[in-house]
Amino acid sequence: MKNILKRLKYPCALILFAFAISACDDWFDDDDDDHDDTKNIGRTFAKGLDTPWEMQFAPDGSLFLSQRPGIISIVDASGNAKPWLRLDSVVEEVGESGLFGIALDPDYQSNHYVYFGYTYASQISPIELTNKIVRYKNDDGKPVFDKVLLDNIRGNHLHNVGAFEFGPDEMLYVTVGEVFAPALAQDKSSLNGKILRMTRDGGVPDDNPIAGSYIFSLGHRNPQGLAFQPGTGNLFSTEHGPSEQQGCCMDEINLIQAGHNYGWPLIRGSQQQAGLETPVYHSGDTTTWAPTGGIFLVHGEWKGSMLFTGLRGQALYRVVFKSDDATQIDKVERYLYRALGRLRNVAEGPDGKIYVAVSNQDGRGDPLTIDDRIVVFDQKEVRQYAD
């Protein structure tokens, strides 16, 4: 029954359950002319997924994949996705809450630690959503709980825990949204609207900018991607700009620096104010990316570029940096526009190919029966779909 209720996010589930089977056939639009080309774009690597969130390749080439309803799968080289851990009885997928980012320990090959975050119900009636960050061990293919690194992060049906990324300093960086309560982004007593930095055991690093606090940077609305630039170690984030009654567009790419304040909700877009950081680049006041996961490429012609995906933007974006200043962006190019639907994340495989997670079953998409899935391209193939 719980899984049925969760599917209330889909329009066809609003129909009486007795008619749901036939009605839900219309939810998948394989006959829509707009999708004729999508079946021939790239190569479907894995299919039958449900709202994939983040992908991490292990040293042996297998792919760890988190899915928002509460499942972590391991995908082998042939694209077979096998559930590794099921927490769907614990994870609360309410609106945009659920199971989110995932990261493998820098020493994964020896300790097999896997880190991730999820939303759960800390109170049932009335429901209260809370986020936690945990560590498991992959014991010869079996998940073994290790420890809770951080708990009691305020949750909501919007803007919860997001991306996970280990830095060159081997510290764990985690994005946390402001749960659609803008004032929290400026509140240093709250972890919401922040980028956090912690040790692998969940401790507060001695050199964090605020003594005794996990906060690395503040003033964020809904940061969804983290990526460290090879060579410089610079940390960049992708972040959702205002929406609904707050305004529109102005999605951000930020250069994250320790202790800096990125301005939400005091400034947005190109606005400036003393003590607040303006994004390195934003989407403008008429364009929405809804940016998600970001990576820096280390292979091929695009080596050194940053890629990120867009949900509402329905595209893969390439960030090209200025040749004389690795902190400044020359341009942002768009690829695969509306070719696959809503794109949640991107990863570069050990084979140098680009793996794109399609997220059309997140309640806002227009899925094919094959969705959700991971589609793989080489760089030359992606360039054929420039906008």
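Since the structure is predicted, the reported quantities are computational estimates derived from the model, not experimental observations. (Residues numbered from 1 in each chain as written. Predicted model: local features only at pLDDT ≥ 70, side-chain atom pairs only at ≥ 80, totals over all residues. Heavy atoms only, no water.)

(A) Structural context of the pairing of strand 24 (residues 373–377). Burial analysis of strand 24 places 5 of its 5 residues in the buried class, the great majority of the element. Across the two faces of strand 24 the burial is the same, with Arg373, Val375 and Phe377 and Ile374 and Val376 all buried. In this structure, strand 1 (residues 43–47) lies alongside strand 24, joined through 4 bridges in antiparallel fashion. Note on strand 24: the bridge partner recorded for Arg43 is Val376. (Buried < 20%, exposed > 50% of the residue type's maximum accessible area, 1.4 Å probe, protein only. Helix = DSSP H or I, 4+ residues; strand = E, 2+ residues; numbered from the N terminus. Pairing = 2+ DSSP bridges.)

(B) Up close: unusual backbone geometry. A cis amide bond links Ser125 to the next residue, Pro126, at an omega of -5°. On the secondary structure map, Pro126 appears in the loop between strand 7 (113–123) and strand 8 (128–139). Put simply, Asp371 and Asp372 share a cis peptide bond, and its omega is -5°. Here Asp372 lies in the loop between strand 23 (354–358) and strand 24.

(C) A look at the state of the cysteines. On inspection of all chains with the given rule, the structure shows 1 disulfide. Put simply, Cys248 and Cys249 are joined by a disulfide, and their sulfur atoms are 2.2 Å apart. Looking down the S-S bond of the Cys248 and Cys249 bridge, the torsion is 45°, so its handedness is right-handed. Relative accessible area serves as the criterion here: at 38%, Cys248 is assigned to the partly exposed category. Judged by relative accessible area, which is 2%, Cys249 ranks as buried. (Disulfide = S-S within 2.5 Å.)

(D) How the structure looks around the packing of aromatic side chains. One pass over the structure, following the stated rule, counts 20 aromatic pairs. For the ring pair Phe45 and Tyr355, a centre distance of 5.2 Å and an interplane angle of 80° mean the geometry is edge-to-face. With Phe45 in strand 1 and Tyr355 in strand 23, the pair connects residues that are 310 residues apart, well separated along the chain. An angle of 75° between the planes, with centres 5.1 Å apart, marks the rings of Tyr115 and Phe166 as edge-to-face. Of this pair, Tyr115 sits in strand 7 while Phe166 is found in strand 10 (residues 161–166), placing the two residues 51 residues apart along the sequence. In this structure Phe166 comes out as buried when scored by relative accessible area, which is 13%. Ring pairs connect the aromatic residues Phe116, Tyr118, Tyr120, Tyr136 and Phe145, which therefore count as one cluster. The ring of Tyr113 has Arg135 lying over it, and the distance from NZ or CZ to the ring centre is 3.9 Å. It is Arg334 that lies over the ring of Tyr337; its NZ or CZ is 3.6 Å from the centre. (Phe/Tyr/Trp six-rings, centres within 6.5 Å; stacked < 30°, edge-to-face > 60°. Lys NZ or Arg CZ within 6 Å of the ring centre and 35° of its normal.)

(E) Representation of the sheet that holds strand 1. A sheet is described by the order of its strands in space; here 4 strands give the open sequence 1-24-23-22, paired in antiparallel fashion. Two strands bound the open sheet, and with one partner strand each, they are strand 1 and strand 22 (343–348). Strand after strand, the sheet turns through a mean of 25° between neighbouring axes, direction not considered. Relative to strand 24, strand 23 runs antiparallel, the two being bridged by 5 bridges. Its bridge partner lying in strand 24, Val358 is registered against Arg373. (Axes fitted to C-alpha atoms, helices over the stretch in contact; angles between N-to-C directions.)

(F) Expanded view of the environment of Ile374. Along the polypeptide, Ile374 turns up in strand 24. In this structure the C-alpha to C-alpha distance between Ile374 and Phe45, which are 329 residues apart in sequence, comes to 5.4 Å.

The values are spatial; any link to function lies outside them.
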